[in-house]
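One letter stands for each residue in the lines below.
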Amino acid sequence: MTRATTVRAVLAAAVLLVSALITLTMSPRLGLDLQGGTRMVLQAKDSDTAKADRESTDRTLEVLRQRIDSLGVAEPTLTRSGEDRIIVELPDVQDPRKAAEVIGRTAQLSFHAVQGPGTQGNGPGAQDNGRADGKTDDRADGGPTLADEQGRSLDLGPARLSGAGVKDATAVFDAQQGAGWTVSLDFHKKAGQDWTRLTGEAACHPVQDERRRVAIVLDQQIISSPQVSPSVGCGVGLPSGSTQITGSFSADEARELALLIKGGALPLPVEIVEQRTVGPTLGAAAIDASARAALIGAAATALFITVVYRLFGALAAVALAAYGLISYAALVALGVTLTLPGLAGFVLAIGMAVDANVLVFERAREEQAQRPGRTLRSSLTAGFRGAWSAVADSNVTTLIAAGLLFFLGSGPVKGFGVTLAIGVIASMFSALVIARALTEIASGSRFVNDYRGVNGIASPGRVRTWLTRRNPQLMRSPRRWLLISTALIAVAVLGIVVRGVNLGVEFTGGRLVEYSTSRPVDVERARSALADAGFGDAEVTTAGAGDLSVRTGKLDDDGEQVLRAALAEEGGKTTKIRDELIGPSLGDELRRNALIALGIAVLVQLAYLAIRFRWTFALASVGALVHDVIILVGAFAWLGRTVDGIFLAALLTVIGYSVNDSVVVFDRLRELWAKARRTPVGTIANQAVLQTVPRTVNTGMGALFILTALAVLGGDSLADFALALLIGICVGTYSSVLTAVPAALVLERSSKAPPPARKRAPSRRSGSRTARRDPLDNGARV
């Protein structure tokens, strides 16, 4: 066993041990659909500058969403109810009262000049150490006046600067000055100039004069009163980035203040008029069915890869189990909220994580076919080396998308970015470290070398054998495939235009009705009764002490009576206790941010692929991606299926899958073309497609086993999610071969760019050959 293999084995064991400890000692954060949470109803009120109407309430909702994201509450649900109410549902909130306090604060921040001492006050005295460096040294809990340690008040001038001018606010621990936790403020350009002017005017007053102070007021309370440093001259003022709010803050207080300032002021003041606990939106039966489907699908995938690649496939299945443990532990350790679609996506990622192993094994099979006499160990090493560029490029493009979705998106889009990034990193580790260590150890066994049929890479495989014998010329007429793809897009667009897209409650809003029943009703029975009555998309939860909450799409009064009658059959006398129209939980700003994040992610991927490959390859990959998105949306339009938040998660998964497939094919095309620069690119493309088809088929089959199990056994809660992914993966597999490659060929024929350069050959010295080595392999052998 080489030293590199030993290092990989030790590293894998350490990561698995830490992951197991996290899994056994930490509990996951579950979403509203799995365990319920806290529901608060906020009432927006008129202010001096705004009226509590639909538009201003929607703006208030988006500010609240930013605050909740900053609090670390993932996957919340926020909807407008009527004209001036907002329903906030928070999963897994440990301290609802604390969350309510932060969410409900108006966060009206303003900066005032101090006119001088006011009348004697009885408010609580704020400690003032007279700091003279532009930092605050006191806190006050009184009204719009500042009480010093003697109980005197300060008169404030009109607000000179509002919190809207603050560009960023960060909680910082100031160890050098001994100030402890502070909040550092950074202003926008215009506001920074106003801040400099305000502090410059204050600096014109003598030191220790109260008028040399600047009061910072939050929600009609002065939270700090910095005195301008004596070193600052009259009219000079402090620059934008030199302001810190201090005042004996704890770490949590500093972070809370920073997020309130950064999140911005609420356009309207809000009052919490109701707070209660709600049950999960999915019942225990649905969760159990989904769990069984996930286990059966994962087992089928492991069995499939074992049948195809035998011993090495079984070792890859062990690595996939390790991947599941590592990624789950990472999700738990980072506090990611787990929802049922998220868990289904997590299980799907297990099926897709087999991709790297399949790439390696197929390259090793090629090496064995080309050089039958080489050792099993050298073929395996060559397989890892040959697959490295495809694995790296496909995963880097996915990580780019995940990072941009996290930093530019919000709400569920941000959460998807975190889950996607964790899955990519964990899958690379499992394939390139764990699976490689296991297969390298096995390849050193005399039994495995003597009986080559058990290892799984000695034979080329049935798909590769059939393709070699038939040698179909798929790329002889690339425009034919583009015409077929264009026809598919036309059919999809026709469905969108004719049938329309059936947007779910998250996008359109709907109606929220709560009922009280004379007999207790199990949530599962209530869901079944409503489904039988024609309300299959209705979301049913418990609300408070045994009440039932039903959230559905557009519902008229006749429909509401049918719904109530269906519940009455199960619960006896049914009384309506709340009936409100609700707005979309995925509001305009959230959708706009998601589209912006997705658009930028696609552009960055386009640039990366153009740099790593060729602009023709990059444009063809993005074209195939757009092709897949349009067809998936069109298919749901023709089928009349609901396009909701779960569909959005499936769509993002399909986008990542489509890019990965295209990258693998183009990586092989680039490699083969560089070795045969004079060969027509169409011939090279056909060879690249045929060589990568076994990988494409085997990877797709691994994912399809899990998706089929989720669609058939997972129940109604995951049916649309699994259907969207089934369609998307089938279309993505088709487009990566028969749309992206033909498009690249058409673009290449119109381009005058030379073929890719051949990679530099290994150096030779003194008649000996120096082969490219694994970075961890020092050549030592045992």
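If you walk through the whole model with that rule in mind, you get 34 salt bridges. The shortest N-O distance in the salt bridge between glutamate 89 and arginine 39 comes to 2.7 Å. Residue glutamate 89 is found in strand S4 (residues 85-91), and its partner arginine 39 is found in strand S2 (residues 37-44); the two are separated by 50 residues along the sequence. With a closest N to O distance of 2.7 Å, arginine 641 and aspartate 720 form a salt bridge. With a gap of 79 residues between them, arginine 641 in the loop between helix H19 (615-639) and strand S19 (642-643) and aspartate 720 in helix H22 (residues 716-738) connect regions that are remote in the sequence. Each of Arg39, Arg85, Glu89, Glu514, Glu539, Arg551, Arg578 and Glu580 takes part in one network of salt bridges that share partners.

What follows covers the side chain of serine 56. Tracing the backbone through its elements, the reader meets serine 56 in helix H3 (residues 54-70). When sequence neighbours within four positions are dropped, the list of residues in contact with serine 56 reads Lys51, Pro267 and Leu268.

This brings us to the confidence of the model for the protein chain. Taken residue by residue, the protein chain gives an average pLDDT of 79. The fraction at 70 or more is 84%. Within the protein chain, no element has a lower average pLDDT than strand S21 (residues 768-769), which sits at 40, and none a higher one than helix H14 (residues 478-498), at 95. Within the model, pLDDT remains below 50 along residues 119-143, and this stretch shows 77 contacts once partners closer than five positions in the same chain are excluded. This stretch, residues 761-782, has a pLDDT under 50; its non-local contacts, to residues over four places away or in other chains, come to 19 contacts.

The subject of this paragraph is the packing of aromatic side chains. Applying the stated criterion across every chain, the model contains 10 aromatic pairs. Between the aromatic rings of phenylalanine 111 and phenylalanine 187, the centroid separation amounts to 5.5 Å while the plane-to-plane angle is 65 degrees, which identifies the pairing as edge-to-face. One end of the pair, phenylalanine 111, is in strand S5 (residues 109-120); the other, phenylalanine 187, is in strand S8 (residues 180-187), and 76 residues separate them in sequence. Arranged with centres 5.5 Å apart and planes meeting at 25 degrees, the rings of phenylalanine 187 and tryptophan 195 form a pair that is stacked. A relative accessible area of 4% places phenylalanine 187 in the buried class. Classification of tryptophan 195 as buried rests on a relative accessible area of 1%. Every member of this aromatic cluster is reached through a ring pair, and the members are Phe111, Phe187 and Trp195. A cation over an aromatic ring shows up here: arginine 436 above the ring of phenylalanine 384, its NZ or CZ 4.6 Å from the ring centre. The ring of tryptophan 481 carries the charged tip of arginine 480 above its face, separated from the ring centre by 5.1 Å.

Its identity is not glycine, yet arginine 310 carries a phi of approximately 55 degrees, on the positive side. Topologically, arginine 310 is positioned in helix H7 (residues 284-333). Located in the positive-phi region is asparagine 471, a residue other than glycine, with phi close to 50 degrees. As for its position among the elements, asparagine 471 is in the loop between helix H13 (462-470) and H14.

Within the element layout of this structure, aspartate 547 appears in strand S17 (residues 547-552). With residues near it in sequence (within four places) discarded, aspartate 547 still touches Arg276, Tyr515, Ser516, Thr541, Thr542 and Ile577.

Bringing the state of the cysteines into the picture now. Counted by the stated rule, this structure contains one disulfide. Between the sulfur atoms of cysteine 204 and its disulfide mate cysteine 234 the distance is 1.8 Å. When the S-S torsion is 80 degrees, as for the bridge of cysteine 204 with cysteine 234, the disulfide is right-handed. Of this pair, cysteine 204 sits in the loop between helix H5 (189-202) and strand S9 (214-218) while cysteine 234 sits in the loop between strand S10 (221-224) and strand S11 (243-249), and the two are 30 residues apart along the sequence.

The next subject is the nonpolar core. By size, the foremost hydrophobic cluster in this structure holds 65 residues, and its most contacted members are Leu632, Phe647, Phe666 and Val741. Among the elements of the structure, H7, H14, helix H18 (588-612), H19, helix H20 (645-675), helix H21 (681-713), H22 and helix H23 (740-750) are those that each provide at least two residues to this core. Per element, the largest residue contribution to this core is 14 residues, and it comes from H20. Among all residues touching phenylalanine 666, those that are not within four sequence positions of it are Phe613, Phe617, Ala620, Ser621, Ala740, Val741 and Ala744. Of all hydrophobic cores here, the second largest spans 42 residues; its members include Ile305, Tyr323, Ala353 and Ala426.

Once that is clear, we can look at the packing of H13 against H21. Where H13 contacts H21, the two axes come as close as 9 Å, and the packing angle between them is 160 degrees. The angle between H13 and H21 falls in the class roughly antiparallel. Here the hand of the crossing between H13 and H21 comes out right-handed. Side by side, H13 and H21 meet where Val463, Arg464 and Leu467 of the first sit next to Leu690, Gln691, Val693 and Pro694 of the second. Taken together, the residues of the contact of H13 with H21 sort by class into five nonpolar, one polar and one charged.

Attention shifts here to the environment of alanine 703. Locating alanine 703 in the fold gives a position in helix H21. On a C-alpha basis, the gap between alanine 703 and alanine 349 in space is 8.1 Å, while along the polypeptide they are 354 residues apart.

Structurally, glycine 682 can be placed in helix H21. With 66 residues separating them along the chain, glycine 682 and glutamate 748 place their C-alpha atoms 9.7 Å apart. Look past the residues within four positions of glycine 682 in its chain and what remains in contact with it is Met475 and Leu745.

Here we come to helix H16 (residues 523-532). Since the α-helix turns once every 3.6 residues, residues separated by three or four places project in the same direction. For H16, the set of buried residues is Val523, Ala526, Arg527, Ala529 and Leu530. All buried residues of H16 fall inside an arc of 165 degrees around its axis, so they share one side. Among the structural elements, strand S16 (539-543), S17 and helix H17 (557-571) are those in contact with the buried residues of H16.

Thresholds applied
- Residues numbered from 1 in each chain as written.
- Predicted model: local features only at pLDDT ≥ 70, side-chain atom pairs only at ≥ 80, totals over all residues.
- Heavy atoms only, no water.
- Salt bridge = Lys/Arg side-chain N within 4 Å of Asp/Glu carboxyl O.
- Helix = DSSP H or I, 4+ residues; strand = E, 2+ residues; numbered from the N terminus.
- Contact = heavy atoms within 4.5 Å.
- pLDDT = per-residue confidence, 0-100.
- Phe/Tyr/Trp six-rings, centres within 6.5 Å; stacked < 30°, edge-to-face > 60°.
- Buried < 20%, exposed > 50% of the residue type's maximum accessible area, 1.4 Å probe, protein only.
- Lys NZ or Arg CZ within 6 Å of the ring centre and 35° of its normal.
- Disulfide = S-S within 2.5 Å.
- Core = buried A, V, L, I, M, F, W, Y, C linked by side-chain atoms within 4.5 Å.
- Axes fitted to C-alpha atoms, helices over the stretch in contact; angles between N-to-C directions.
- Parallel < 35°, antiparallel > 145°, perpendicular 65-115°, else oblique.
- Left-handed = near helix turned anticlockwise from the far one by under 90°.
- Nonpolar A, V, L, I, M, F, W, Y, C, P; charged D, E, K, R; others polar.
- Arc of directions from axis to C-beta.

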